[in-house]
Amino acid sequence: MENKNLMKIEDNKNKRKRIAVFASGNGSNLQTLIEYTRLNDINGDILIVFSNNADAYALKRAEKNSIKTYCFSHRDFNSRKSFDIKILELMVENKIDLICLAGYMLLLSPEFIKEYQNRIINIHPSLLPSFKGVHGIKDAFDYGVKVTGVTVHFVDSKLDNGPIIIQKSVEILEDDTMETLEDKIHKTEHIIYPLAVEYFCKDLLEINGRKVSISERKKIEN
Ligand code: GRF
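Everything numeric in this text was worked out from a predicted model, so none of it was measured. (Residues numbered from 1 in each chain as written. Predicted model: local features only at pLDDT ≥ 70, side-chain atom pairs only at ≥ 80, totals over all residues. Heavy atoms only, no water.)

### Section: the site of the ligand
Filter applied, for reference: Being near a molecule or strand, for a residue, comes down to having at least one heavy atom within 4 Å of it. The term polar contact refers here to a pair of N or O atoms within 3.5 Å; inside protein, the definition further demands a hydrogen-donor-capable atom paired with an acceptor-capable atom, and it admits residues adjacent in sequence only when both atoms are side-chain atoms. Here the accessible surface of atoms and residues is derived via Shrake-Rupley with a 1.4 Å probe, and residues count as covered only by protein chains that are part of the display. Secondary structure elements follow DSSP: runs of H or I no shorter than four residues count as helices, runs of E no shorter than two count as strands, and numbering proceeds from the N terminus. Basically, the charged four are Asp, Glu, Lys and Arg, the nonpolar ten are Ala, Val, Leu, Ile, Met, Phe, Trp, Tyr, Cys and Pro, and anything else, Gly included, counts as polar. Segment limits for the domains were obtained from an automatic or database-derived domain assignment.
Lining the immediate environment of the ligand, one finds Asn26, Gly27, Ser28, Asn29, Gly103, Ile123, His124, Pro125, His186 and Glu189. Contact between the ligand and glycine 27: an oxygen atom at 2.7 Å from a main-chain N or O atom of the residue. Isoleucine 123 has a polar backbone atom sitting 3.0 Å from a nitrogen atom of the ligand. Contact with the protein chains covers 83% of the free accessible surface of the ligand, which is 370 Å². Elements that contribute at least two residues to the shell around the ligand include exactly α1 (28-39), β5 (120-124) and α6 (178-201). Residue composition of the shell around the ligand, grouped by class: two nonpolar, seven polar and one charged. Both of domain 1 (16-116) and domain 2 (122-222) provide at least three residues apiece to the shell around the ligand.

### A closer look at the environment of valine 147
Stated formally: Buried means the residue's accessible area, taken with a 1.4 Å probe over protein chains only, is under 20% of the maximum for its type, while exposed means over 50%, and partly exposed covers the values in between.
Along the chain, valine 147 turns up in strand β6 (residues 147-154). You can call valine 147 partly exposed: its relative accessible area is 44%. Through-space distance from the C-alpha of valine 147 to that of leucine 173 is 8.6 Å; in sequence the pair is 26 residues apart.

### Some remarks on the domain arrangement of the protein chain
Accessible area lost during the coming together of the parts is what is often quoted as the interface size. Which entries qualify depends on this criterion: Should any heavy atoms of two residues lie within 4.5 Å, those residues are counted as being in contact. Note on terms: buried area is the combined drop in 1.4 Å-probe accessible area of two parts once they are placed together, counting the loss on both. A pairing counts as a salt bridge when a side-chain nitrogen of Lys or Arg comes within 4 Å of a carboxyl oxygen of Asp or Glu.
Here the domain parsing of the protein chain yields domain 1 (16-116) and domain 2 (122-222). Counting from both sides, the interface comprises 21 residues of domain 1 and, opposite them, 19 residues of domain 2. Summed over both sides, the interface of domain 1 with domain 2 buries roughly 1700 Å², with 68% coming from carbon and sulfur. The largest per-residue losses of area from domain 1 upon contact with domain 2 belong to Asn29, Tyr36 and Leu101, which jointly make up 28% of the total buried on that side. Where domain 1 touches domain 2, the interface holds one salt bridge. The interface formed by domain 1 and domain 2 includes eight residue pairs in polar contact (both at pLDDT 80 or more). Every element with two or more residues in the side of domain 1 that touches domain 2 is listed here: β1 (17-22), α1, β4 (98-101) and α4 (110-115). Taken together, the residues of the side of domain 1 that touches domain 2 break down into 12 nonpolar, six polar and three charged.

### Here we look at the packing of aromatic side chains
Think of a pair of aromatic rings as described by two things: how far the centres are apart, and how the planes are tilted against each other in angle. The criterion, for reference: Stacked, tilted and edge-to-face are the three classes assigned to paired rings of Phe, Tyr and Trp, where Trp is represented by its six-membered ring and a pair needs centres within 6.5 Å; plane angles under 30 degrees give stacked, over 60 edge-to-face, the rest tilted.
Applying the stated criterion to the full structure yields 12 aromatic pairs. Judged by centre distance (5.2 Å) and plane angle (65°), the ring pair of phenylalanine 22 and phenylalanine 50 falls under edge-to-face. Residue phenylalanine 22 is found in strand β1, and its partner phenylalanine 50 is found in strand β2 (residues 44-51); the two are separated by 28 residues along the sequence. The exposure classification of phenylalanine 22 matches that of phenylalanine 50, with both residues buried. For the ring pair phenylalanine 131 and tyrosine 143, a centre distance of 5.6 Å and an interplane angle of 65° mean the geometry is edge-to-face. Within this pair, whereas phenylalanine 131 is found in the loop between β5 and α5 (136-143), its partner tyrosine 143 is found in helix α5, the two being separated by 12 residues in sequence. Clustering of aromatic rings is evident, with ring pairs tying together Phe22, Phe50, Phe72, Phe77, Phe83, Tyr104, Phe112 and Tyr116.

### Digging into the pattern of salt bridges
Within the structure shown, the criterion is met by nine salt bridges. Across the salt bridge formed by aspartate 84 and arginine 80, the nearest N and O atoms sit 3.7 Å from each other. Here aspartate 84 and its partner arginine 80 are both found in helix α3 (residues 80-93), four residues apart, which amounts to about one turn of the helix. Judged by relative accessible area, aspartate 84 falls into the buried class, the value being 1%. With a closest N to O distance of 2.5 Å, lysine 184 and aspartate 176 form a salt bridge. Each of Arg16, Asp41 and Asp45 takes part in salt bridges that share partners, so that together they form one network.

### Focus on the packing of α1 against helix α2 (residues 57-64)
When two helices pack together, their arrangement is given by the angle between the helix axes and the distance between those axes. The cut-off we apply is this: All axes here are fitted lines through C-alpha atoms, helices being fitted over the stretch that makes contact, and every angle between N-to-C directions spans 0 to 180 degrees. Note that the term roughly parallel is reserved for angles under 35 degrees, roughly antiparallel for angles over 145, roughly perpendicular for angles of 65 to 115, and oblique for everything else. In this scheme the handedness of a crossing depends on how the near helix is turned from the far one: anticlockwise by less than a right angle means left-handed, clockwise means right-handed.
Relative orientation of the contacting elements α1 and α2 amounts to 20°, with a least axis distance of 9 Å. The orientation of α1 with respect to α2, classified from their angle, is roughly parallel. Judged by the twist between their axes, the crossing of α1 over α2 is right-handed. Of the residues in α2, those in contact with Ser28, Leu30, Gln31 and Ile34 of α1 are Ala58, Arg61 and Ala62. Split by residue class, the contact of α1 with α2 holds four nonpolar, two polar and one charged.

As structure tokens, this is what we get:
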């Protein structure tokens, strides 16, 4: 990216974390993160919500909770690069330490990810590396697997690929429909995403290649 000073991100260890959530849709994960960070002392606060979709209900949830929102679309920029620079400016201005993707339906550019390396996490509704992409729940259901689940992972430059922080399985029973499965998956997301964010904010995560260890598990998610 062009402006090196702008992209300088301070070392975020041993400090209270400033969190941004990126969401393009409903924002149920955002809601859970807001509630969890307010009810528990996780050493972090959600400062801003960014959306690329002006109709995202996630923006309303943020407003109802008095969280600053930003919304603009890459279509309003000359290039994808200038869109990314604008978002990076916002992150730096707001001194953001952690970016949580929660149903953010736009791929981040490799340059953006590099600037926030190991500080962007995502939730995906399958047990990665199975069923990557935007239809993780349906693809697992249609495939006929008996067990699927949810993954929270660091974001790298490949789709749904970065080091895995937490996974939790969800059984697909014979009488499950897409609706019941979606419901089970979302309930599971709302359990593990806040935990992953808490581990990050408390500096409990260590990344070694593809392996993420949680140095001191104060809570067990299973
Ligand atoms: C979730 O299923 C998440 O795993 C996926 O997008 C969906 C977002 O749901 N990445 P919501 O907007 O948080 O309700």
